[in-house]
Amino acid sequence: MEAVQPNADWQRWWARYGTMSSLGAGILILVLISFASNPNETEAVLSSTLRQSTPLILGALCGLLGERSGVINIGIEGQMLLGAFVGFMTNVWLSSVPEMGDGPRLFLAVLAGVSAGAVLGALLALMSVTLKIDQIIGGTVINILALGITGFFYTVNVQTSGKLQPVPLGPLVDIPLIGPVLFDNPPITYATIALVFLVHYVLFYTRWGLRTRAVGEHPRAADTLGVNVFTVRYVNVIVGGALAGLAGAFLTIEAVGSFERAMTNGRGFLALAVMIFGKYTPLGAWGAALLFGFATAMQSQLQFGGEIDIPHQFIGMLPYLLTIVVLAGFVGRTRVPAADGIPYEKE
Amino acid sequence: MTETYALEARNITKRFPGVLANDHVNFALKKGEIHALLGENGAGKSTLMNIIYGLYSPDEGEIVIDGQLTQIHNPHDAIHKGIGMVHQHFMLVPVFTVVENIILGAEVTRGLSLDLHTARKQIRELSQNFGLEVDPDAIVEDLPVGIQQRVEILKALYRDAKILVLDEPTAVLTPQEAEDLFKIMRHLTARGVSIIFISHKLKEVLAISNEITVMRRGRVVGSTTPAETDERGLASMMVGRDVILTVDKEPAQPAEIVLSVSGLTVRDERKVEVVSNVSFEVRKGEILGIAGVQGNGQTELAEALTGLRAFESGEIILNGEEIPPMNPRHLIEHGMAHIPEDRQKHGLVLPYAVADNEVLCTYYVPPYANGIQRNDKAIQANAKELIKRFDIRTPGPNTPAGNLSGGNQQKVIVAREFTRPVKLLIANQPTRGLDVGSIEYIHNQIIEMRDRGIGVIVISAELDEIMSLADRIAVMFHGEIVGMLDPETVTREELGLYMAGSKRME
């Protein structure tokens, strides 16, 4: 066998982005063909893709910030759930304040959801950074805690005065296909897209990002250079929790408008798969989240379109099947941060 | 006032529970000089350096920098005061580039973004000024160890270090890389940097330093200069008794062939041929030394011989029987003993107790196993006996092997491998990183194995070790054996030429 020497630039490019780009190109072609034959349905599927992907990418960004700094976060599910619940309940309470306008009410509700996620983030940081508890157990504690709290305090039949509405971005909406899909969304969806690029910038182009990655790879080296490992980990895990809280707020204040018990429905764990599929990079994770969002959108389209005669249980499997196939086959070598999951002990 | 010192440690005392690690230690480093700190493992060198670098605070005593009394509370302070430290285990992030590693913690920024462009320029300038060539954009894990060390030195210089602490810098280097390091050190002192050079290699200390301070059991036992002393003098100061530096051995009595290797070819993970068509044989009662600069196929050869790596072609015959590939247990049961290159990764299970490490090859046979059950009594008894016989310094048989010093960890391995009924011993870098006393001990054990009629292969990057132990020397270069030499007649220079590939036997 000939040794593979990735000398040429395109070979290196292919090795790094090949899978991603060929998947993307394939999907693009499919979308264009579909748009030509059935514009309305295509638009609906793509809008739904973006909606479905939003909580996933927010959850993935949460996981990514933690793991890049060396803390495994499997409590994303719980952080999302509590964020969803607290956001929703805040919306309910403020709805009974008569002089409160829609804007401030929804803003405060989202803020409450984000804060709830951040508080659980701080709890995870306390357990895994300061108390050095096994991080998988710490995350599990958070998931069970969130499930318990929300289940206990949730009361049925509560009313809100509405959820976040789409904000069309002027003439951009009139662009065919792209306009209605990208430029006619509610605020959290816009914010999420901005956050993907923001986290990418922070992680790879700023001092904070360099220190975060150093702490996730070789905390002792960072420590000997005067970087405070504990601070870096705390901040990243708390900010991550806030992002997961935002994902929860998205569910109850922007997407659905109401709360149900355990409504996150595994999205927090799917977000971890998205993060790994995206090779611990924000942009990669975004691509992965869109792919999963697309699969979910296709699933509902196929189920309710009623054109194909397949039992709906099988169609319902689609996103999960995709997870397995993608994780098993396409991901290739993912490099986990070297100090991921290992508590740091000072000498 | 006499001349000012770059750094003085006065009357430093540091106690740990049960240990007096530094006992009123005085140490003074003159400006622009290389001051060697010599001592066995556990003599208190590292404690002293950790105090100077702010990792520990002293119970008594003071640190004076440039004639001024100074408090150093943490590494950040130390960096601030112009002290740079190159740790024995590098503090580099393997997946980062050279630039990223150097600027970490002292980043140049433009607005919010990192200014890698300026940083790169500064690093290039530093490299040129101090003769430390390195590509700023290389990923650190792709660089050879010697270059990684330069990155560490650059890291200190980038923070304006005037005092450089090098902790056992040559332990991980090949002889050539060590030579390069010495050139760099001289270059640095010529530019006003003062260097503390921690080592237990006598030759190096004599070759490079201006002054030598020797520590033993937490105390400074003497100060001297290379002109006033020699290896023997330093060794006895260090150990506290006379040490025999040359190995005393009778001529070998080679008997029948125990291992014969023919046409062995091995490829590594990247499918590159790293051992090419190698043939040799080892007889009972002789030591075959395999010399060579690190990375010329010795590691892979040892792995193939010990069943840890598949080989592409060739034949390995042990005791007249062809060995199956990749079956270490078969080899162990047929009389092969192995001292692996990396004792912590491949020689021991560090979190396991010493007692369990001593039965890693034999835990499944009586008396250590009773059917599917462990026989703890026998395992403990075995450990106690070995600890006594091999003088392993451990609090007890149930202490995790990871808690022992390097020399004692190696003794655990030696005790395990040398007390089985073996016919062939493969010792890969058996004394790397060990102090003089331990080296002497391990060497004597190896000679004793030979005299018991066991065939021995010693692979080492240390010329001295090869020259003093081997009865025949095979030199490896680029995966081939380029010479089979007699240590009685060959000179160090000639051996060096073979190792560098500029000479070969046809």
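Cut-offs used in this document
- Residues numbered from 1 in each chain as written.
- Chains lettered and ligands numbered in written order.
- Predicted model: local features only at pLDDT ≥ 70, side-chain atom pairs only at ≥ 80, totals over all residues.
- Helix = DSSP H or I, 4+ residues; strand = E, 2+ residues; numbered from the N terminus.
- Rg over C-alpha atoms; globule rule 2.2 N^0.38 Å.
- Buried ≥ 20, exposed ≤ 12 C-beta atoms within 10 Å, placed from the backbone.
- Contact = placed C-beta atoms within 7 Å.
- Pairing = 2+ DSSP bridges.
- Nonpolar A, V, L, I, M, F, W, Y, C, P; charged D, E, K, R; others polar.
- Axes fitted to C-alpha atoms, helices over the stretch in contact; angles between N-to-C directions.
- Expected span 1.5 Å × (residues − 1).
- Domains from an automatic or database assignment.
- pLDDT = per-residue confidence, 0-100.
- Parallel < 35°, antiparallel > 145°, perpendicular 65-115°, else oblique.
- Left-handed = near helix turned anticlockwise from the far one by under 90°.
- Core = buried A, V, L, I, M, F, W, Y, C linked by C-beta atoms within 7 Å.

Caption draft 1: The overall build of chain A, seen in detail. The number of helices and strands found in chain A is 14 helices and two strands. Computed over the C-alpha atoms, the radius of gyration of chain A is 21 Å, within 12% of the 20 Å expected from 2.2 N^0.38 for a compact globule of 347 residues. Across the 347 residues of chain A, 44% fall into the buried class. In chain A, once contacts between residues fewer than 6 apart in sequence are set aside, the share between residues at least 24 apart is 76%.

Caption draft 2: Fine view of the pairing of strand 21 (residues 424-428) of chain B. All names here are of chain B. Most of strand 21 is tucked away, with five of its five residues classed as buried. Here strand 21 shows a buried face lined by L424, I426 and N428 and a second buried face lined by L425 and A427. Pairing between strand 18 (residues 336-339) and strand 21: four bridges, direction parallel. Bridging from a neighbouring strand, A337 pairs with L425 of strand 21.

Caption draft 3: Focus on the interface of chain B and chain A. Across the contact, 19 residues belong to chain B and 18 residues belong to chain A. Broken down by secondary-structure element, the contributors of at least two residues to the side of chain B that touches chain A are helix 2 (75-80) and strand 8 (113-114) of chain B. Among the elements that take part in the side of chain B that touches chain A, helix 2 of chain B stands out by supplying three residues, more than any other. Taken together, the residues of the side of chain B that touches chain A sort by class into 11 nonpolar, four polar and four charged.

Caption draft 4: Molecular detail of the sheet that holds strand 10 (residues 194-199) of chain B. Residues and elements named next belong to chain B. In spatial order, the strands read 6-9-10-3-11-12; together these six strands make up an open sheet with mixed pairing. The sheet is open, and its two borders are formed by strand 6 (83-86) and strand 12 (219-224), each paired with just one other strand. For this sheet the average axis-to-axis angle between neighbouring strands, irrespective of direction, equals 20 degrees. Where strand 6 lies against strand 9 (residues 163-167), four bridges are found, and the strand directions are parallel. Bridging from a neighbouring strand, G84 pairs with L164 of strand 9. Its contacts with the sheet place helix 5 (residues 145-158) against strand 6 and strand 9, and it is angled at close to 165 degrees to strand 6. Those strands touched by helix 6 (residues 175-190) are strand 3 (34-38), strand 9 and strand 10, and its axis lies near 150 degrees from that of strand 10.

Caption draft 5: Representation of helix 7 (residues 187-205) of chain A within the structure. Taking 1.5 Å per residue as the helical rise, helix 7 of chain A with its 19 residues ought to reach 27 Å, and the 26 Å between its terminal C-alpha atoms agrees with that figure. Buried within helix 7 of chain A we find I188(A), T189(A), T192(A), V199(A) and L203(A).

Caption draft 6: Seen up close, the domain arrangement of chain B. By the assigned domains, chain B splits into domain 1 (5-239), domain 2 (244-335 + 421-506) and domain 3 (350-415). Distance from the C-alpha centre of domain 1 of chain B to the C-alpha centre of domain 3 of chain B: 36 Å.

Caption draft 7: Region of the structure containing the environment of L331(B). Residue and element names in this part refer to chain B. Looking at the secondary structure, you find L331 in helix 10 (residues 328-333). Exposure remark for L331: the 22 C-beta atoms within 10 Å place this residue in the buried category. Each C-alpha atom of the pair L331 and L424 lies 9.9 Å from the other, and the pair is 93 residues apart in sequence.

Caption draft 8: Just the confidence of the model for chain A, in detail. Averaged over every residue, the pLDDT of chain A is 88; residues scoring 70 or more account for 94%. The low-confidence segment residues 1-6 of chain A (pLDDT under 50) makes seven contacts with residues lying over four places distant or belonging to another chain.

Caption draft 9: Looking closely at the sheet that holds strand 2 (residues 19-30) of chain B. Residues and elements named next belong to chain B. Reading across from one edge, 2-1-4-5 is the order of the four strands in this open sheet, with antiparallel pairing throughout. Across the chains shown, the open sheet's two edge strands, defined by having one partner strand only, are strand 2 and strand 5 (68-70). Each neighbouring strand pair of the sheet contributes to a mean axis angle of 25 degrees, computed without reference to strand direction. As defined by bridge partners, strand 1 (residues 5-16) adjoins strand 4 (residues 60-65) across five bridges and the pair is classed as antiparallel. Looking at the pairing, R10 lines up with E62 of strand 4. Its contacts with the sheet put helix 1 (residues 45-52) on strand 1, strand 2 and strand 4, and the angle it makes with strand 1 is roughly 115 degrees.

Caption draft 10: Just the environment of E204(B), in detail. Residues and elements named next belong to chain B. On the secondary structure map, E204 appears in helix 7 (residues 202-208). E204 gets classed as partly exposed once you count the C-beta atoms within 10 Å, which come to 18. Each C-alpha atom of the pair E204 and F182 lies 9.0 Å from the other, and the pair is 22 residues apart in sequence. The residues contacting E204, other than those within four sequence positions of it, are T170, A178 and S199.

Caption draft 11: Main features of the packing of helix 2 (residues 39-68) of chain A against helix 3 (residues 76-95) of chain A. Residues and elements named next belong to chain A. Where helix 2 meets helix 3, the closest approach of the two axes is 10 Å, and the angle between their N-to-C directions is 125 degrees. The orientation of helix 2 with respect to helix 3, classified from their angle, is oblique. Two packed elements cross with a definite hand, and for helix 2 against helix 3 that hand is right-handed. Mapping the contact onto sequence places P55, G59, C62 and G63 in helix 2 and I76, Q79 and M80 in helix 3. The residue inventory of the contact of helix 2 with helix 3, partitioned by class, reads four nonpolar, three polar and no charged.

Caption draft 12: A look at the packing of helix 3 of chain A against helix 10 (residues 229-255) of chain A. Residue and element names in this part refer to chain A. Between helix 3 and helix 10, the shortest axis-to-axis distance is 7 Å and the interhelical angle comes to 50 degrees. By the angle class used here, helix 3 and helix 10 are oblique. In terms of crossing hand, the pair formed by helix 3 and helix 10 is right-handed. Side by side, helix 3 and helix 10 meet where I76, Q79, M80, L81, L82, G83, A84, G87, F88 and N91 of the first sit next to G241, A244, G245, L246, A247, G248, A249, L251, T252 and I253 of the second. The class makeup of the residues in the contact of helix 3 with helix 10 is 12 nonpolar, eight polar and no charged.

Caption draft 13: Looking closely at the nonpolar core. Among the nonpolar cores identified, the biggest contains 148 residues, and V165(B), V456(B), V458(B) and V475(B) are the most heavily contacted of them. Beyond its immediate chain neighbours, meaning those up to four positions away, V165(B) contacts M49(B), I52(B), Y53(B), I83(B), M85(B), V86(B) and I196(B).

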